[in-house]
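A structural walkthrough
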Amino acid sequence: MLRKIENALAVILIALIAALPLFFKFMQGLCRVQVPGADIALLHFVFLFASLAGLITWREERHLSLASVSASFGEKIRRPIEAVKTGGASCILSALFIDALCQLVNPAQFDARFWGMSTRIFFASLPLCYFGIIFAIARRKGNLIAAVIGIVLGILISMGPFTGILYYLFGVQNAQPLYAINDAWLSFSKIALLPLIIIFAALAFCGMPLFLVLGGIAYVLFSASGGYVDVIPLETYRILTDRNIAAIPLFTIAGYILAHGSAGNRYVAVFKSLIGPFRGGTVIAAVIVTTFFSTFTGVSGITILALGPLLAVVLTGSGYSKDRAESLVTASGAIGLLFPPSAAIIMYATVNYFSVDVFELFKGAIIPGCIMAVSMMVTGAVLDKKGERPKFSVKEAREAVLHCIPELLMPVFISVLYFKGVFDLFEVAAFAVIYAFCLSVFVRRDFTLTKSTRVVASSVPVSGGVLFILGAASGISYFMLDANVPAILTDFITQYVKNPYVFLILMNLVLLVVGCLMDMFSAILIVSPLLLPLAESFGVSAVRAAVIFLMNLSIGFLTPPVGMDLFISSYTFDKPLSRVVKGIVPFLIVQFAVLMLVTYVPYFTEALL
């Protein structure tokens, strides 16, 4: 019953944050009526959705994590590792819960109001989410003892915020024993900073969700620097109420709806009928479709999971070998991250908004994205050894196009509405959801209304996982900037590296490793603020550095041994990781060559600016 209530609330919130922006735009544009508090209301509904989505994502065990090395261990080793993970998760969540609760009861915070409601009510959803996850951990079979130990440790390390709660609620000012415990923790965290970070990194490789790893590292960093842990929930709140960030879950949901309807089949039919009769034609169709869907979902893995089997069947039916077909789909899964309205581009521009504009970054990434897509098409066509192909049929092509007109118009509408300035990013994301929903339910009748709510609900763990990663990583990002790490790193690198070409090579190598080990959104929040000042010190423009950054991460997803898309492909196509890696090598070499071209030829990123 609780599961149904949570899903229903999530679907209602999605409907609100998709419909209200267009309604407010209509009221303002046609009726000349400005709705008071419209913007702040929308962004707080998004924050409420993010908190609920985080809870649902935990329930579904879908929070982003690295592949667990402990899965290959025997039961005797795996059991204590799981106990440590449980205790660690409970400890981190308890500390974050108390920290967020302290900010909730702080009268100096959240004094804004809209529609008769305080923003404090909406912020309360964050500590409630943490508490719900702690409760879910503790009630899981075999977890109780480890969870209780973790909760006690979490309370002990959060005595600073806890004394704040006592002061704000009860006026308690003299709590010397609690102050002593807090001082002991701050001293310990300063001494044991590096070992604690190493422990969190080890837990990440054992499968602990990345938002907990990042949240734990942020808590330790702020504790070691003086105990300013109150920044963590406030930064989570700040980034999850950013208008550009609010567009990310909407684009993800729109892509999810399309991927689970008939849109994929229709796109494949169009491109197969138009270019299938030519050598590599089906390959081109497959690359276009994967690029389009990863552009909207914002996560390459979702495209591989949702459309991989379909596209593999289409390719093998056209004479492509099974292994080669699956490798092509895997290699093409992340190309869409370079095209508007890519969530990765939105995220990068939001994090580095003083240096790069999202509109400029969209334009700067288009040519490199096209080169990358064409390179996959050409590589796939070269590997297409089939001698006989069906003849081109005007009738078949015409019917396929006519049956796909609404789907083909969708990216056109989105591009025109955004680039012409009719809608901002949040509004065009809302339009994408409404368009995809109406198309799938009322025009194509892929789903009934009841089934459509289940499809939308199934997309919540995807967007929830992304939003919680953003919230967790924002604390570390703030710490890096506050500690002036970018300037320190810039001074250190420029002291030893003088040649910009050497710097670019080193940057590519580092980012490929980052792409292997971190998800896209964590890397953007934590690494990009460090990279940008460095790149600018070597004369690399902000847009060019951003495109190089995003291309490296997308290739990192495919880089052995721990590229995330390799594991997703292995799961999707039910084949050993070694075979996935072997099949991906030709495509990976080509993508790396394109990366070098874009890295060393500024024209490709700056021609449209």
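In the block above lies the structure referred to throughout.
Below or above, wherever it landed, is the structure these notes cover. Remember, it's a predicted structure, so these values are computed and weren't measured experimentally.

Here Pro340 and Pro341 are connected by a cis peptide whose omega angle stands at 5°. Along the polypeptide, Pro341 turns up in the loop between α16 (322-332) and α17 (343-351). For Trp115, which is not glycine, the phi torsion reads 50° and is therefore positive. One can find Trp115 in the loop between β1 (113-114) and β2 (117-118).

All told, the structure shown has 34 aromatic pairs when counted by the stated rule. An angle of 70° between the planes, with centres 5.9 Å apart, marks the rings of Phe413 and Tyr435 as edge-to-face. Placement of Phe413 in helix α20 (residues 405-419) and of Tyr435 in helix α21 (residues 425-443) is noted, with a sequence separation of 22 residues between them. For Tyr435, a relative accessible area of 16% gives the class buried. By way of ring pairs, the aromatic residues Phe23, Phe24, Phe45, Phe114, Trp115 and Phe122 are connected into one cluster.

With that out of the way, let us pick up the packing of helix α13 (residues 263-275) against α20. Working note: a packed helix pair is described by the angle between its axes plus the distance between those axes. Contact geometry of α13 with α20 gives a least axis separation of 9 Å together with a crossing angle of 95°. Put simply, α13 runs roughly perpendicular to α20. Side by side, α13 and α20 meet where Ala263, Arg266 and Tyr267 of the first sit next to Glu407, Leu408 and Pro411 of the second. Taken together, the residues of the contact of α13 with α20 break down into four nonpolar, no polar and two charged.

By the definition in use, this model includes zero disulfides. The cysteine Cys129 is free of any disulfide, with Cys91 supplying the nearest cysteine sulfur at 17 Å. Classification of Cys129 by relative accessible area gives buried; the value is 2%. With no disulfide of its own, Cys404 lies closest to Cys438 among cysteine sulfurs, the gap being 17 Å. When its relative accessible area of 0% is taken as the criterion, Cys404 is described as buried.

What follows deals with a nonpolar patch on the surface. On the surface, Leu144, Ile145, Val148, Ile149, Val152, Leu153, Leu156 and Ile181 cluster together into a nonpolar patch covering about 700 Å² of accessible area. Ranked by the residues each element gives to the nonpolar patch, the list is headed by helix α6 (residues 144-157), at seven residues. With respect to the element layout, Ile145 can be found in helix α6.

In this section: the pattern of salt bridges. Going through the model one piece at a time under the given rule, you end up with 14 salt bridges. Between Arg243 and Glu427 there is a salt bridge whose closest N-O contact spans 3.7 Å. Here Arg243 is found in helix α12 (residues 243-259), whereas its partner Glu427 is found in helix α21, with 184 residues between them in sequence. Between Glu407 and Arg444 there is a salt bridge, with the nearest N and O atoms lying 2.8 Å from each other. Separated by 37 residues along the polypeptide, Glu407 in helix α20 and Arg444 in the loop between α21 and α22 (449-482) bring together distant segments of the chain. Like Arg444, Glu407 is buried. Residues joined by salt bridges that share partners form a network here, namely Lys25, Asp39, Arg243, Asp424 and Glu427.

Quick look at the packing of α12 against α21 now. Contact geometry of α12 with α21 gives a least axis separation of 8 Å together with a crossing angle of 15°. The orientation of α12 with respect to α21, classified from their angle, is roughly parallel. Two packed elements cross with a definite hand, and for α12 against α21 that hand is left-handed. The segment α12 lies against α21, with Arg243, Asn244, Ala246, Ala247, Leu250, Phe251, Ile253, Ala254, Ile257 and Leu258 engaging Leu425, Phe426, Glu427, Val428, Ala429, Ala430, Ala432, Val433, Ala436, Phe437, Leu439 and Ser440. Split by residue class, the contact of α12 with α21 holds 18 nonpolar, two polar and two charged.

Reading guide: rules and limits
- Residues numbered from 1 in each chain as written.
- Predicted model: local features only at pLDDT ≥ 70, side-chain atom pairs only at ≥ 80, totals over all residues.
- Heavy atoms only, no water.
- Helix = DSSP H or I, 4+ residues; strand = E, 2+ residues; numbered from the N terminus.
- Phe/Tyr/Trp six-rings, centres within 6.5 Å; stacked < 30°, edge-to-face > 60°.
- Buried < 20%, exposed > 50% of the residue type's maximum accessible area, 1.4 Å probe, protein only.
- Axes fitted to C-alpha atoms, helices over the stretch in contact; angles between N-to-C directions.
- Parallel < 35°, antiparallel > 145°, perpendicular 65-115°, else oblique.
- Contact = heavy atoms within 4.5 Å.
- Nonpolar A, V, L, I, M, F, W, Y, C, P; charged D, E, K, R; others polar.
- Disulfide = S-S within 2.5 Å.
- Patch = residues over 30% accessible without salt bridge, like charges linked within 9 Å, V, L, I, M, F, W, Y side chains within 5 Å.
- Areas by Shrake-Rupley, 256 points an atom, 1.4 Å probe, with all protein chains shown as cover.
- Salt bridge = Lys/Arg side-chain N within 4 Å of Asp/Glu carboxyl O.
- Left-handed = near helix turned anticlockwise from the far one by under 90°.

Any functional reading would require information that these geometric values do not contain.
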